[in-house]
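# Secondary and tertiary structure notes
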Amino acid sequence: MPAIKDVARRAGVSVATVSRVLNDHPSVRLDTRERVLAAVADLGYRPNAVARSLRTDQTRTLGLVISDVLNPFFTELARSVEDAARELDYSVIIGNADERPELQDHHVRTLMDRRIDGLLVSPTDGGSPMMLAAARAGTPMVFVDRWIEGEGLDAVPVIRTDGRGAIRDLVDHLCALGHRRLAIIAGPAATTTGRERVDAFRSALREFGLALSEDHIGQGDFQADSGRRVTARFLDLPQPPDAIFAADNLMALGAMDEIRARGLRVPDDVALAAFDDIPWFVHTDPPITAVAQPTGALGHAAVRALIDLVEGRPAESVTLSARLVTRRSCGEPEGSKP
């Protein structure tokens with residue numbers, strides 16, 4: 001098993017510097033911090049905080065690291081996780097990574113230091129060194145919504161939604177309404193959900209005899225500002241799309257802001273649909289057509305899987321199905337119902 005001195009030797013720094021990095025001390029330069037965390041990941045080093053995950057004295061406390069607490073999907077997911085844990089007499093401590101790998105590592109380290117029994121993570125980007133080290137060290141861990149593939153991660157259960165069928169239904173719906181120039185605001189390519197939704201959208205278009213041109217793919221980051229920025233580029237094209245699919249709800253709201261800022265209307269000038277339905281989409285003007293995940297079921301399934309691991313039982317991955325909820329943002333007839 002590698003020791004802290006091995007990490008120091010690999011990174012070319014002192015043991016004290018490694019200790020400061022692992023304790024998130026602000027005095028360490030960014031390039032040094034990155035070098036140390038890379039050495040931690042390469043060696044599979046387990047800090048004491050990670051090793052505690054193998055203890056037998058439980059605290060009946062779970063950690064949850066979500067990608068963005070301001071995203072209504074993750075807010076609802078956190079609520080369902082708390083509800084499910086409380087039903088089983090567990091508490092939950094939540095950390096918000098804000099789509100930043102270094103902040104994700106900070107929360108993983110802090111939660112492990114608080115002697116949690118297990119960890120639920122919705123990974124940002126392609127993961128982060130401390131989170132990967134914890135997973136490979138055998139810490140009870142479950143990926144929820146997003147996941148990471150790689151060496152040493154096969155044993156981590158994944159609780160997720162398969163949105164491919166619902167995205168196919170959306171493309172069918174858009175085509176039936178007469179839309180032919182379809183565009184997507186994609187999530188980060190480093191995330192599994194970002195890649196999967198683009199692939200599903202492209203495959204569905206192909207099935208209906210349509211192509212997804214490079215001009216009609218915009219790279220977002222699951223934040224509203226990126227939705228607005230990509231939509232601005234779409235609308236500046238010589239032939240702008242007549243329907244835009246945002247791969248999450250915040251990017252959809254950013255898209256709507258840009259459309260309105262130009263004096264255009266949804267759906268008269270451009271149709272708009274979103275992945276990740278949220279309760280107040282029914283209150284927008286017009287109400288937004290969206291792909292809905294079974295968020296409550298995701299949270300409950302994730303907690304059950306993690307507690308199985310914590311209590312020494314095997315846990316399996318679970319894949320749930322999304323569904324299309326049609327409203328009026330794509331040109332649906334007045335009075336149409338979900």
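Each chain has its residues counted from 1, following the order in which its sequence is written. Only residues with pLDDT of 70 or above have their local features reported here, since the model is predicted, and side-chain atom pairs are shown and tallied only from 80 upward, although totals for entire chains, interfaces and linings are computed over all residues. With hydrogens and water set aside, each side-chain value is computed from the structure's full complement of heavy atoms.

### Here's the deal with the packing of aromatic side chains
Geometry of an aromatic ring pair is reported as the spacing of the ring centres plus the angle between the planes. Spelled out, the test is: To pair, rings of Phe, Tyr and Trp, with the six-membered ring standing in for Trp, must have centres within 6.5 Å; the planes then decide the type, stacked if under 30 degrees apart, edge-to-face if over 60, and tilted in the middle. Each helix corresponds to a stretch of at least 4 residues labelled H or I by DSSP, and each strand to a stretch of at least 2 residues labelled E; elements are numbered beginning at the N terminus.
Scanning the entire structure with this criterion turns up three aromatic pairs. Centroid distance Phe201 to Phe245: 5.4 Å. Interplanar angle 35°. Geometry classified as tilted. Within this pair, whereas Phe201 is found in helix 9 (residues 192-207), its partner Phe245 is found in strand 8 (residues 243-246), the two being separated by 44 residues in sequence.

### Some thoughts on the domain arrangement of the protein
The criterion, for reference: Boundaries of every domain are those given by an automatic assignment or by a domain database. The term buried area means the drop in 1.4 Å probe accessible area that two parts suffer when joined, counted for both and summed. The salt bridge definition used is simple: a Lys or Arg side-chain nitrogen within 4 Å of an Asp or Glu carboxyl oxygen.
Taken domain by domain, the protein comprises domain 1 (4-47), domain 2 (60-161 + 295-320) and domain 3 (162-293). If you average the C-alpha positions of domain 2 and of domain 3, the two centres end up 28 Å apart. Carbon and sulfur atoms supply 47% of the area buried between domain 2 and domain 3, which totals about 1500 Å² over both sides. Along the contact surface separating domain 2 from domain 3 lie one salt bridge. Between Arg160 and Glu196 there is a salt bridge, with its nearest N and O atoms 2.3 Å apart.

### As for unusual backbone geometry
Between Val266 and Pro267 the backbone carries a cis peptide bond, its omega angle lying at 5°. Here Pro267 is to be found in the loop between helix 11 (249-261) and strand 9 (271-275). Of the consecutive residues Asp285 and Pro286, the connecting peptide bond is found in the cis state with omega at 0°. The phi angle at Arg60 is positive, at roughly 55°, despite the residue not being glycine. With respect to the element layout, Arg60 can be found in the loop between helix 4 (48-51) and strand 1 (61-66).

### Things to note about helix 12 (residues 295-310)
Under the convention used in this document: The span one expects for a helix is its residue count, reduced by one, times 1.5 Å. Only protein chains enter the accessibility calculation, which uses a 1.4 Å probe. A residue is then buried if its area is under 20% of the maximum for its type, exposed if over 50%, and partly exposed in between. Pairs of residues are marked as contacts when any of their non-hydrogen atoms sit within 4.5 Å.
If you check helix 12, its first and last C-alpha atoms are 23 Å apart, about what 16 residues at 1.5 Å a residue would give, namely 22 Å. Considered for burial, the residues of helix 12 that qualify are Thr295, Leu298, Gly299, Ala301, Ala302, Val303, Ala305, Leu306, Ile307 and Val310. Those residues of helix 12 that are buried lie in contact with strand 1, helix 5 (72-87), strand 3 (118-121), strand 4 (141-144), strand 5 (158-162) and strand 11 (318-321). Of the residues flanking the end of helix 12, it is Gly312, one or two places downstream, whose phi is positive at about 85°.

### Observations concerning the environment of Leu250
If you trace the backbone, Leu250 turns up in helix 11. A C-alpha to C-alpha distance of 41 Å links Leu250 and Ile4, two positions 246 residues apart in sequence. Each residue touching Leu250, except ones within four places of it in the same chain, is listed here: Asp68, Leu70, Asn71, Pro72, Phe222, Gln223 and Ala224.

### Let's talk about the packing of helix 10 (residues 224-235) against helix 11
This is how the line gets drawn: Each axis is a line fitted through C-alpha atoms, and for a helix only the stretch in contact is used; angles between axes span 0 to 180 degrees, taken between their N-to-C directions. Working rule for angles: under 35 degrees goes down as roughly parallel, over 145 as roughly antiparallel, 65 to 115 as roughly perpendicular, anything else as oblique. By convention the crossing between two helices is left-handed if the near helix lies anticlockwise of the far one by an angle smaller than a right angle, and right-handed if it lies clockwise.
Contact pair helix 10 / helix 11: the axes reach a minimum separation of 6 Å and the direction vectors enclose 45°. The orientation of helix 10 relative to helix 11 falls into the category oblique. Here helix 10 runs over helix 11; the crossing is right-handed. Along the contact surface, helix 10 presents Ala224, Ser226, Gly227, Arg228, Thr231, Ala232 and Leu235, while helix 11 presents Leu250, Met251, Gly254, Ala255, Asp257, Glu258, Ile259 and Ala261.

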